[in-house]
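Now for the letters of each chain:
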Amino acid sequence: MTDRFEVEHVVIGNGLIGSAAGRHLAAFGSSVAIVGPGEPASPETHDGVFSSHYDQGRLCTYASRDPIWGPIGACAIAGFPALEEASGISFHRGVGWVRAVRLTAEQRAATDRWYAQLERTTGVAATRYGPDDRSRAECHPMLVFPEGLDLLVEPGPAGYLNPRQMLEAQNTVATANGARVVPERVVSVQTDDGGVTVRTESGLVVTAGRALVACGAFTNFGGLLPEPLPFRLKTETTIWATVTAETAAALDGMPGVGYDIDDPELDDVYLAPPIRYPDGTYRIKMGCNTAGEQWPETLIEVQEWFRSGSSDDDRPGMERALRSILPTVDLLDVTAHRCIVAYTPSGYPTIDAAPGDRTGRLFVAAGGNGTGAQGSDTLGLLAAGLLFDGRWLDEIPREPFRAASGWDDRRAAGRTDRSAADGARYSKAQARAANR
């Protein structure tokens with residue numbers, strides 16, 4: 001006999017957004033199931049779905065000038081202490097954040113005005129150090145950047161979060177509030193006027209009044225949605241450099257780093273400080289856009305990338321950049337790893353009713369545009385509110401999160417500065433791919 005149970009809401013996908021949505025639904029008083037497989041034990045032979053949160057460090061910054069990502073991140077970061085306390089799991093360190101960037105005089109003036117406003121409204125005292133400011137040498141001396149760059153320095157609560165531990169914290173609190181976490185892959189989703197029926201690999205059947213699909217880069221695969229969303233997927237390589245425990249202790253308090261590197265092979269470098277990994281080693285993580293990135297379109301192409309993609313081809317250039325930023329740090333073995341970015345037409349996640357579902361019972365929350373981790377708790381809250389009773393946060397505009405029918409829709413959607421920047425980044429990445 002097939003095992004089955006019924007809930008009011010089912011969340012398909014137990015990643016950062018899905019786990020947050022499930023936790024918030026349970027907090028609203030809904031009966032909820034969160035269904036999704038965990039991290040594969042052997043990625044090289046895994047034939048199912050993957051996620052990009054299989055590491056220990058994602059950066060978070062409070063001082064965002066973007067009118068949408070800024071409130072999303074600020075709301076999430078403000079809630080981290082309560083989530084850590086409720087779960088008993090620590091996943092956030094407010095070690096600060098540093099960005100090295102080449103600015104014009106006009107951009108410097110705009111940055112200074114923004115930082116003054118930020119301190120007035122939030123109390124966060126971010127600082128800009130000019131290229132000729134000698135006092136910058138006292139600011140995180142382990143970090144070395146070329147001459148001519150400004151340093152933008154933000155104190156905690158900016159820093160980094162551990163995505164694995166954050167997901168565990170979300171699941172822990174959701175379960176304490178009555179949610180049921182099912183570590184299985186969903187193989188079918190059916191909707192009708194009576195509700196939603198979800199089936200897993202083992203044959204488990206979950207019925208619900210409404211369902212949310214939050215499966216990241218795998219959202220369009222496996223027939224989970226009636227119609228695919230206009231996502232564009234980009235592969236991304238990260239490198240992990242092992243350091244000794246003594247080196248990690250010496251670098252304790254090192255901030256997260258962003259670096260607008262001038263390099264023909266690399267772009268948009270980000271760097272997390274030494275963090276302890278599950279095997280007991282300490283590793284520094286660096287990621288960026290690279291000349292070798294790909295644009296997979298099919299399930300097989302995405303799976304092959306996660307299993308055995310060409311990330312090692314990007315490693316030498318990335319390692320060279322990492323050693324230039326931390327020239328006095330003794331880096332041991334450096335390994336390449338793989339994740340993926342889902343771009344949307346608006347530059348913001350799609351959180352909306354699923355296109356093509358006539359019943360109004362199926363919803364979707366996916367497409368982090370490379371920025372979804374730090375704001376995932378807020379994104380999950382938005383999705384949960386939409387499912388529960390249509391509620392939405394007043395400080396977040398609704399329109400940029402609606403499902404687009406095609407990529408060109410962004411030209412008519414009143415794009416914000418951030419989404420325009422994401423569009424430029426996407427075009428830049430396309431050009432690199434075409435010129436390989």
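Residues numbered from 1 in each chain as written. Predicted model: local features only at pLDDT ≥ 70, side-chain atom pairs only at ≥ 80, totals over all residues. Heavy atoms only, no water.

A short note on the overall build of the protein chain
To be explicit about the condition: Helical segments are the DSSP runs of H or I of at least four residues, strand segments are the runs of E of at least two, and each set is numbered from the N terminus. Between the two quantities, the radius of gyration covers C-alpha atoms and the globule rule is 2.2 Å times the number of residues to the power 0.38. Between two residues, a contact is recorded if the distance between any of their heavy atoms is within 4.5 Å. Only the protein chains shown count as cover for residues, and the accessible areas themselves come from Shrake-Rupley with a 1.4 Å probe. Note on charges: Lys and Arg go in the positive column, Asp and Glu in the negative column, and His and the chain ends are not counted at all. Working definition for charges: the position is that of NZ of Lys, CZ of Arg, CG of Asp or CD of Glu.
Looking only at helices and strands, the protein chain features nine helices and 19 strands. Here the C-alpha radius of gyration of the protein chain, 21 Å, is about what a compact globule of 436 residues would show, namely 22 Å. The dimensions of the protein chain, computed from C-alpha atoms along their principal axes, are 70 × 45 × 45 Å. Within the protein chain, residue pairs in contact and separated by at least 24 positions form 74% of the contacts whose partners lie at least 6 positions apart. For the protein chain, the exposed surface amounts to about 18,600 Å²; the carbon and sulfur share of it is 47%. Here the protein chain contributes 41 positively and 56 negatively charged side chains, and the mean placements of these two sets differ by 2 Å.

Examining the packing of aromatic side chains
Both the distance between ring centres and the angle between the ring planes are used here to describe each pair of aromatic rings. Quick note on the threshold: Pairing of aromatic rings covers Phe, Tyr and Trp, the last through its six-membered ring, and needs centres within 6.5 Å; plane angles under 30 degrees mean stacked, over 60 mean edge-to-face, and all others mean tilted. Charge over a ring is defined by NZ of Lys or CZ of Arg lying within 6 Å of the ring centre and within 35 degrees of the ring normal.
Across all of its chains, the model carries eleven aromatic pairs by this definition. Site record: aromatic cluster; members linked through ring pairs are F50, F218, F221 and F306. Directly above the aromatic system of Y277 lies the positively charged group of R283, at a separation of 4.9 Å from the ring centroid. Taking the ring centre of W392 as reference, the NZ or CZ of R398 above it sits at 4.4 Å.

Notes on the pattern of salt bridges
This is how it is decided: By convention in these notes, a salt bridge is any Lys or Arg side-chain nitrogen within 4 Å of a carboxyl oxygen on Asp or Glu. For every residue, the accessible area (1.4 Å probe, protein chains only) is compared with the maximum for its type, and the residue is labelled buried under 20%, exposed over 50%, or partly exposed between those bounds.
Scanning all chains against the criterion turns up 20 salt bridges. Between D377 and R23 there is a salt bridge; the shortest N-O distance is 2.7 Å. Pair noted here: D377 is in helix α8 (residues 376–389) and R23 is in helix α1 (residues 16–27), with a separation of 354 residues, a long-range link. R23 shares its class with D377; the two are buried.

Some words on the side chain of Q303
The cut-off we apply is this: Pairs of N or O atoms within 3.5 Å make up the polar contacts considered here, provided that, within protein, one atom can donate a hydrogen while the other can accept it, and that residues adjacent in sequence are counted only when both atoms are side-chain atoms.
Topologically, Q303 is positioned in helix α6 (residues 299–308). At a separation of 2.9 Å, a polar atom in the side chain of Q303 contacts the main-chain carbonyl oxygen of G48.

Quick look at the nonpolar core
Going by this rule: Definition used in this section: a nonpolar core is a set of buried Ala, Val, Leu, Ile, Met, Phe, Trp, Tyr and Cys residues joined via side-chain atoms within 4.5 Å.
Counting 36 residues, the largest nonpolar core has V10, I12, V189, V198, V206 and L233 as the members making the most contacts within it. Those elements that place two or more of their residues in this core are β1 (4–12), β2 (32–35), β10 (186–192), β11 (195–200), β12 (205–213), α6, β17 (334–343) and β19 (362–366). Not counting residues up to four positions away in its chain, the partners in contact with V189 are I12, V196, T197, V198, L224 and L362. With 34 residues, the next largest nonpolar core counts C139, V153, A248 and V257 among its residues.

Overview of the sheet that holds strand β4 (residues 92–93)
Worth spelling out the cut-off: In this analysis, strands are considered paired if DSSP registers two or more bridges between them.
The strand order across the open sheet formed by three strands is β3-β8-β4, and the pairing between neighbours is antiparallel. Edge positions in the sheet fall to β3 (58–60) and β4, since each of these pairs with one other strand and no more. When β4 meets strand β8 (residues 159–161), the two strands line up antiparallel, connected through two bridges. Counterpart to R93 in the pairing with β8 is Y160.

Describing the pairing of strand β16 (residues 282–290)
Among the nine residues that make up β16, eight are buried, leaving the element largely enclosed by the rest of the structure. Bridging between strand β13 (residues 232–243) and β16 involves six bridges; their strand directions are antiparallel. Within the sheet, the bridge partner assigned to T242 lies in β16 and is R283. Here seven bridges tie strand β15 (residues 266–276) to β16, and the two strands are oriented antiparallel to one another. Each residue of the ladder has a partner; that of D267, found in β16, is N289. Remark: five residues form the turn of the hairpin made by β15 and β16, two consecutive strands paired antiparallel; G280 in that turn has positive phi of roughly 95°.

As for the sheet that holds strand β7 (residues 150–154)
Here is the rule we go by: In this analysis, axes come from line fits to C-alpha atoms, helices being fitted only over the stretch in contact, and the angle between any two N-to-C directions falls in the range 0 to 180 degrees.
The eight strands are arranged β6-β7-β5-β14-β15-β16-β13-β17 in an open sheet whose pairing can be described as mixed. With one partner strand each, in any of the chains shown, β6 (127–129) and β17 form the two edges of the open sheet. Shown here is a sheet whose adjacent strand axes are inclined to one another by a mean of 20°, direction ignored. In this sheet, β17 lies alongside β13 in antiparallel orientation, the contact comprising ten bridges. Counterpart to E236 in the pairing with β17 is C339. Across the sheet, helix α3 (residues 105–122) lies against β6 and β7, angled at about 155° from β6, the strand it touches most.

Re the packing of α1 against α8
Which entries qualify depends on this criterion: Angle categories are assigned with fixed cut-offs, so that under 35 degrees is roughly parallel, over 145 is roughly antiparallel, 65 to 115 is roughly perpendicular, and the rest are oblique. By the definition used in this description, the sense in which the near helix is turned from the far one sets the handedness, with an anticlockwise turn below a right angle giving left-handed and a clockwise turn giving right-handed. In this count, Pro and Cys sit with the nonpolar residues alongside Ala, Val, Leu, Ile, Met, Phe, Trp and Tyr, while Asp, Glu, Lys and Arg are called charged and the others, Gly among them, polar.
Where α1 meets α8, the axes come as close as 7 Å, and the angle between the chain directions of the two elements is 50°. Classified by the angle their axes make, α1 and α8 are oblique. Considering the relative orientation of α1 and α8, their crossing is right-handed. Contacts from L16, I17, A20, A21, R23, H24 and L25 in α1 reach S376, D377, L379, G380, L381, A383, A384, L387 and F388 in α8. Grouping the constituent residues of the contact of α1 with α8 by class yields eleven nonpolar, three polar and two charged.

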